[in-house]
Amino acid sequence: MDSHSILTFTLVAAIAIASPGPATLMAINNSLAHGQRSTIWSSLGNASGLFCLSAAAMLGLGALLASSEVLFNAVKVIGAGYLFYLGVKQLCKKGPMLPEGTEGDANKVRPTRSKLYKSAFLTAVTNPKATMFFTALFPQFIDQGAALLPQFLILTSIFMALSVSSLSVYAALASRAKGVLTRPALSRWVSRVVGTTFIGFGAAILTMRRQTA
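Here the structure is a predicted model, which is why all the values come from computation and not from measurement.

Comments concerning the side chain of Thr156
In step 1: Along the polypeptide, Thr156 turns up in helix α8 (residues 148-176).
In step 2: The exposure class assigned to Thr156 is buried, which follows from its relative accessible area of 1%.
In step 3: Among the polar contacts listed, one links the side chain of Thr156 to the backbone oxygen of Phe152, at a separation of 2.7 Å.
In step 4: If we ignore the near neighbours within four places in the chain, the residues touching Thr156 are Phe51, Ser54 and Phe138.

Encoded structure:
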């Protein structure tokens, strides 16, 4: 695996992770309702779930990479199509990132660390965005002629680190800008940037060629 592949994967993963999804909403809501520190455990739970998804994808990766050019192209089209879908979905998004009325209630009982971790873990392993990323896009960045385990550890570690960082940033912003997150204007601007970037990466995925030993 060369540095260009790692950089490309990092950029694609960063955009995918930064796009608001179930894990992001959970981090924001936990930050607002229970304090910013509560998101540490939910972020770790989400990262653990992502690791499991990545490992599951890797179990069938060897057979995929050794298969025909036709199958590789089919997976490539699916991956690009998923990015196009995310891009269009973001461009068509009109509502605010955070609905009004989600501010924390002081009378609520703070959940345990274990509960925060488990809830985020389940959210991650049932998240269609993460599932599609690993099964459709992850294989595009693996070098068939190199050892599989080191590549798995590198790519998965990058994805997990980006996820924890992204959720931490969202949680910090939520705790400091509750009013801003309810404004539709900000949401529309963010959605346009993220949506356009997704579509651009989708087009780039279509230009990729299968790596051979």
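So that's the structure; there's more coming.
Comments concerning the confidence of the model for the protein chain
In step 1: With 77% of its residues at a pLDDT of at least 70, the protein chain reaches an overall mean of 77.
In step 2: Within the model, the stretch residues 101-106 combines pLDDT values under 50 with five contacts to residues more than four positions away or in other chains.

Topic: the packing of helix α3 (residues 38-59) against helix α6 (residues 113-125)
In step 1: Viewed as axis vectors pointing N to C, α3 and α6 meet at an angle of 35 degrees, and their least axial separation amounts to 7 Å. Here α3 runs over α6; the crossing is right-handed. Together, Ser38, Trp41, Ser42, Leu44, Gly45, Asn46, Ser48, Gly49, Leu50, Cys52 and Leu53 of α3 and Arg113, Leu116, Tyr117, Ala120, Phe121, Ala124 and Val125 of α6 make up the contact between the two elements.
In step 2: When grouped by side-chain class, the residues that make up the contact of α3 with α6 number 11 nonpolar, six polar and one charged.

Observations regarding the packing of α3 against α8
The relative placement of two packed helices comes down to the angle between their axes together with the axis-to-axis distance.
In step 1: It is the contact of α3 with α8, at a shortest axis distance of 9 Å, that shows an interaxial angle of 150 degrees. The angle between α3 and α8 falls in the class roughly antiparallel. Considering how the two elements wind past one another, α3 and α8 form a crossing that is right-handed. Along the contact surface, α3 presents Thr39, Ser43, Asn46, Ala47, Leu50, Phe51, Ser54, Ala55 and Met58, while α8 presents Leu148, Phe152, Thr156, Phe159, Met160, Ser163, Val164, Leu167 and Ala171.
In step 2: Taken together, the residues that form the contact of α3 with α8 break down as 12 nonpolar, six polar and no charged.

Reading the values: the criteria
- Residues numbered from 1 in each chain as written.
- Predicted model: local features only at pLDDT ≥ 70, side-chain atom pairs only at ≥ 80, totals over all residues.
- Heavy atoms only, no water.
- Helix = DSSP H or I, 4+ residues; strand = E, 2+ residues; numbered from the N terminus.
- Buried < 20%, exposed > 50% of the residue type's maximum accessible area, 1.4 Å probe, protein only.
- Polar contact = N/O pair within 3.5 Å; in protein donor to acceptor, adjacent residues only side chain to side chain.
- Contact = heavy atoms within 4.5 Å.
- pLDDT = per-residue confidence, 0-100.
- Axes fitted to C-alpha atoms, helices over the stretch in contact; angles between N-to-C directions.
- Left-handed = near helix turned anticlockwise from the far one by under 90°.
- Nonpolar A, V, L, I, M, F, W, Y, C, P; charged D, E, K, R; others polar.
- Parallel < 35°, antiparallel > 145°, perpendicular 65-115°, else oblique.

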